[in-house]
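Observations on chain architecture
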Amino acid sequence: MLVVLAAACAGRDEGPGAAPSLPPPERLVRPGATPVDTVVADLDGDRADEVTISSVSGEVDDLGIATPFVEVFDVRDGRWTRVFDATGSAPPGAGAPAAMLSAGAEFVGQSVDSLAAVDFAGDGRPELVVGILTFGATAGPLELWIVSMGDDGTLATVLYRVTERGGLIGIETDRLRVEYGVYRKHDPGCCPSRFAVETIGWNSAAGRVEVLDRRVTRAP
């Protein structure tokens, strides 16, 4: 339902001192996990690609729900190495919570609804966009994470947004379009009385990614 950008895993020519070729995603993810989406992009601007993979566990819990994973891999010391695992501490910054994949007590599961690399500033150094949907008996929040990688390979959250219930993330070249329901006090969970549309992109004057426009309309 959400827009997802995925890049094919292209191999590299190996020679003296060359980086190792990119193996198939199933060889990078943790044992027993099945890759779902793969994004290949130079996140830190060093002219070598990092690889981000969303996957799900091969086994399901008592409710039939598979555990989702998001992992980032980079070549370190001549081999592909996991440099980020979304089941651990989240990239800090922008008021983001401490964990990216960690369903709350009132919800039963999460899924990775979008995964993309978007070059908001047009500088050839894209940010990683991750949409995490939490669900239970009813639709839960949709979290939007926009994450950058520094020169030292560490990740930081540059923008974090969360809806009350669900939403859609659309990618339009160097911008995001986020649509979600706005619930008033007596609105039932199925039917928000208003809808919001946010445009997220690069503010050149401020030098950061932010919400450029937000419009709220009544539900039809």
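Residues numbered from 1 in each chain as written. Predicted model: local features only at pLDDT ≥ 70, side-chain atom pairs only at ≥ 80, totals over all residues. Heavy atoms only, no water.

1. Quick notes on the packing of aromatic side chains
For the coordinates displayed, the defined rule picks out one aromatic pair. Seen in terms of ring centroids, Trp 145 and Tyr 160 are 4.9 Å apart; in terms of plane orientation they differ by 70 degrees. Their pairing is edge-to-face. Taken together, the residues Trp 145 in strand E7 (residues 139-149) and Tyr 160 in strand E8 (residues 155-162) connect sequence positions 15 residues apart. As far as burial versus exposure is concerned, Trp 145 and Tyr 160 are alike and both buried. A cation over an aromatic ring shows up here: Arg 30 above the ring of Phe 69, its NZ or CZ 4.0 Å from the ring centre. Sitting over the face of the ring of Tyr 183, Arg 165 holds its NZ or CZ atom 5.7 Å from the ring centroid. (Phe/Tyr/Trp six-rings, centres within 6.5 Å; stacked < 30°, edge-to-face > 60°. Helix = DSSP H or I, 4+ residues; strand = E, 2+ residues; numbered from the N terminus. Buried < 20%, exposed > 50% of the residue type's maximum accessible area, 1.4 Å probe, protein only. Lys NZ or Arg CZ within 6 Å of the ring centre and 35° of its normal.)

2. Re the environment of Gly 109
Within the fold, Gly 109 resides in strand E5 (residues 109-118). Residue classification places Gly 109 among the buried positions, given a relative accessible area of 5%. Placed 27 residues apart in sequence, Gly 109 and Gly 136 show a C-alpha to C-alpha distance of 6.5 Å.

3. Here's the deal with the pattern of salt bridges
It is possible for side chains bearing opposite charge to pair when their charged atoms get close. Scanning all chains against the criterion turns up 10 salt bridges. In this structure, Asp 151 and Arg 125 form a salt bridge, with 2.7 Å as the shortest nitrogen-oxygen distance. In this pair, Asp 151 is assigned in the loop between E7 and E8 and Arg 125 in the loop between E5 and strand E6 (127-135), connecting sequence segments 26 residues apart. Relative accessible area serves as the criterion here: at 68%, Asp 151 is assigned to the exposed category. Relative accessible area serves as the criterion here: at 24%, Arg 125 is assigned to the partly exposed category. Two residues, Glu 198 and Arg 161, come together in a salt bridge whose shortest N-O distance is 2.4 Å. Of the two residues, Glu 198 is situated in strand E11 (residues 194-203) and Arg 161 in strand E8; the sequence distance between them amounts to 37 residues. Among the residues examined, Glu 198 registers a relative accessible area of 1% and is labelled buried. On the basis of relative accessible area, Arg 161 is assigned to the partly exposed category, the value being 32%. (Salt bridge = Lys/Arg side-chain N within 4 Å of Asp/Glu carboxyl O.)

4. Topic: the side chain of Arg 194
If you trace the backbone, Arg 194 turns up in strand E11. This buried residue, Arg 194, is left without a salt bridge; Asp 187 holds the nearest opposite charge, at 6.4 Å. Here Arg 194 is in contact with Tyr 180, Gly 181, Val 182, Arg 184, Val 216, Thr 217, Arg 218 and Ala 219, once residues within four sequence places are set aside. (Lys, Arg positive; Asp, Glu negative; His and termini not counted. Contact = heavy atoms within 4.5 Å.)

5. Looking at the confidence of the model for the chain
Overall, the predicted model of the chain reaches an average pLDDT of 89, with 90% of residues at or above 70. Contacts from residues 1-16, a stretch scored under 50 in pLDDT, to residues over four places away or in other chains number 41 contacts. (pLDDT = per-residue confidence, 0-100.)

6. Here we look at the sheet that holds strand E3 (residues 66-76)
Taking strand neighbours across the sheet as the criterion, the four strands line up as E1-E2-E3-E4 in an open arrangement whose pairing is antiparallel. In this open sheet, the two edge strands, each paired with only one partner strand, are strand E1 (33-41) and strand E4 (79-85). Sheet twist, expressed as the mean angle between neighbouring strand axes with direction ignored, is 30 degrees. Where strand E2 (residues 50-60) meets E3, seven bridges bridge the pair, whose relative direction is antiparallel. Residue pairing across strands places Ser 55 opposite Phe 69, the latter belonging to E3. (Pairing = 2+ DSSP bridges. Axes fitted to C-alpha atoms, helices over the stretch in contact; angles between N-to-C directions.)

7. As for unusual backbone geometry
Positioned with a positive phi, Asp 77 is a non-glycine residue whose angle comes to about 55 degrees. Tracing the backbone through its elements, the reader meets Asp 77 in the loop between E3 and E4. Even without glycine at this site, Thr 173 takes up a positive phi of about 60 degrees. Of note, Thr 173 is situated in the loop between strand E9 (168-172) and strand E10 (175-182).

8. Focus on the sheet that holds E11
One open sheet accounts for four strands, arranged E9-E10-E11-E12; its pairing is antiparallel. Of all strands in the sheet, those with a lone pairing partner are E9 and strand E12 (208-218), marking the two edges. Going from strand to strand, the sheet's axes swing by 20 degrees on average, the running direction of each strand aside. Strand direction decides the pairing type here: E10 and E11, joined by seven bridges, are antiparallel. If you follow Tyr 180 over to E11, its bridge partner there is Ala 196.

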